[in-house]
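Commentary on secondary and tertiary structure
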Amino acid sequence: MKKIIAFMLCLMLILAVPVFATTGSEAEMSTTEVIVEWVKSHIEEISVIGTLLLTIFYEIRKHGKLNGSIGTLNNNAVKIAEDSSATIKQALDEVKDIADVVNKYKEEFATLIEEIRKSAEEKLTLEETLSHVENFLKTSKLATIELSNEVAELLVLANIPNSKKDELYARHMKAVHEIEAAEEVVTSYDNKEA
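1. Looking at the overall build of the protein chain
When you go through the protein chain residue by residue, the secondary structure sums to 6 helices and 0 strands. Ordered by position from N to C terminus, the α and β elements of the protein chain give α-α-α-α-α-α. Counting across all 194 residues of the protein chain, residues that qualify as buried make up 20%. Contacts in the protein chain between residues at least 24 apart in sequence constitute 69% of all its contacts with a sequence separation of at least 6. Surface exposure of the protein chain reaches about 14,000 Å², of which carbon and sulfur atoms provide 61%.

2. Concerning the nonpolar core
One finds Ile-88, Ala-91, Leu-92, Val-95, Ala-99, Val-151, Leu-155, Ala-158, Ile-160, Leu-168 and Ala-175 forming the largest nonpolar core, which totals 11 residues. Elements represented by at least two residues in this core include exactly α4 (43–118), α5 (120–157) and α6 (162–193). Examining the composition of this core, we find that 5 residues originate from one element, α4, more than from any other. Sequence-distant contacts of Ile-160, that is, excluding residues within four places in its chain, are made with Ala-81, Ser-85, Ile-88, Lys-165 and Leu-168.

3. Description of the environment of Leu-92
Residue placement: Leu-92 occurs in helix α4. Its relative accessible area of 4% is what places Leu-92 among the buried residues. Not counting residues up to four positions away in its chain, the partners in contact with Leu-92 are Val-151, Leu-168 and Arg-171.

4. Looking at the layout of surface pockets
For the second largest pocket, the calculated volume is near 200 Å³. The set of elements that each furnish at least two residues to the lining of the second largest pocket consists of α4 and α6. For the lining of the second largest pocket, the class distribution of residues is 4 nonpolar, 1 polar and 5 charged.

5. Remarks on a nonpolar patch on the surface
Side chains of Val-48, Leu-52, Ile-56 and Ile-60 sit close together on the surface and give an oily, nonpolar patch of about 390 Å² of accessible area. The class for Leu-52 is exposed, based on a relative accessible area of 51%.

6. Concerning the confidence of the model for the protein chain
Predicted confidence across the protein chain gives a mean pLDDT of 79, with 87% of residues reaching 70 or more. By mean pLDDT, helix α2 (residues 24–27) is the weakest element of the protein chain at 54, and helix α3 (residues 31–41) is the strongest at 86.

7. Let's talk about the pattern of salt bridges
Under the criterion given, the structure shown has 4 salt bridges. For the salt bridge of Glu-59 with Lys-62, the shortest nitrogen-to-oxygen distance reads 3.6 Å. Here Lys-62 and Glu-59 lie together in helix α4, a separation of 3 residues that amounts to about one turn. Using a relative accessible area of 37% as the deciding quantity, one classes Lys-62 as partly exposed. The closest approach of N and O atoms between Lys-89 and Asp-93, which form a salt bridge, is 3.4 Å. With Lys-89 and Asp-93 both in helix α4, this residue pair falls 4 residues apart, about one helical turn.

Procedures and definitions
- Residues numbered from 1 in each chain as written.
- Predicted model: local features only at pLDDT ≥ 70, side-chain atom pairs only at ≥ 80, totals over all residues.
- Heavy atoms only, no water.
- Helix = DSSP H or I, 4+ residues; strand = E, 2+ residues; numbered from the N terminus.
- Buried < 20%, exposed > 50% of the residue type's maximum accessible area, 1.4 Å probe, protein only.
- Contact = heavy atoms within 4.5 Å.
- Areas by Shrake-Rupley, 256 points an atom, 1.4 Å probe, with all protein chains shown as cover.
- Core = buried A, V, L, I, M, F, W, Y, C linked by side-chain atoms within 4.5 Å.
- 1 Å grid on protein atoms, 1.4 Å probe; cavity = no way out; pocket = protein on both sides within 12 Å on 5 of 7 lines; lining within 4 Å.
- Points joined across faces, edges and corners; volume = space filled by probe spheres on them.
- Nonpolar A, V, L, I, M, F, W, Y, C, P; charged D, E, K, R; others polar.
- Patch = residues over 30% accessible without salt bridge, like charges linked within 9 Å, V, L, I, M, F, W, Y side chains within 5 Å.
- Salt bridge = Lys/Arg side-chain N within 4 Å of Asp/Glu carboxyl O.
- pLDDT = per-residue confidence, 0-100.

Written out as structure tokens, the structure is:
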């Protein structure tokens, strides 16, 4: 602030020099009186220049702080996106593993049904086993769907590009459809046996 006032005083002195050179009556006045007269006659211009200088100083400080805040926000957003992407990838890998387990159960279930057709005695024993397997599959299905829904919600809330969200959501829907397909195979075998 002191620099600005000093600059304004220097500017007034520089502008006052031509006044000394042009008028003889002012030469009889002291330097202080001449400066006071000049300031009085040009008070509007001085106030405009002072206001402009203060405004520029304020804007420079404000923009400096704003640029720092923008940089911090940008760095935070990048960090959140990286963390979200890693978490979502891990969750999707877990969903894929669960879908693989469901497919293995589907194959094993088909094998069990073939064995049931072989003998009547084995059929009674296997019906009990089948009941346990069905309960287990229903429980597994509910757990798998719940986990996949949580992953889908994480995708919606994640701070990642929409194209990546669409890709991840498509993988989620594929896994859900595979689970539904496995359930349809079980239902169709049950209907044949009944």
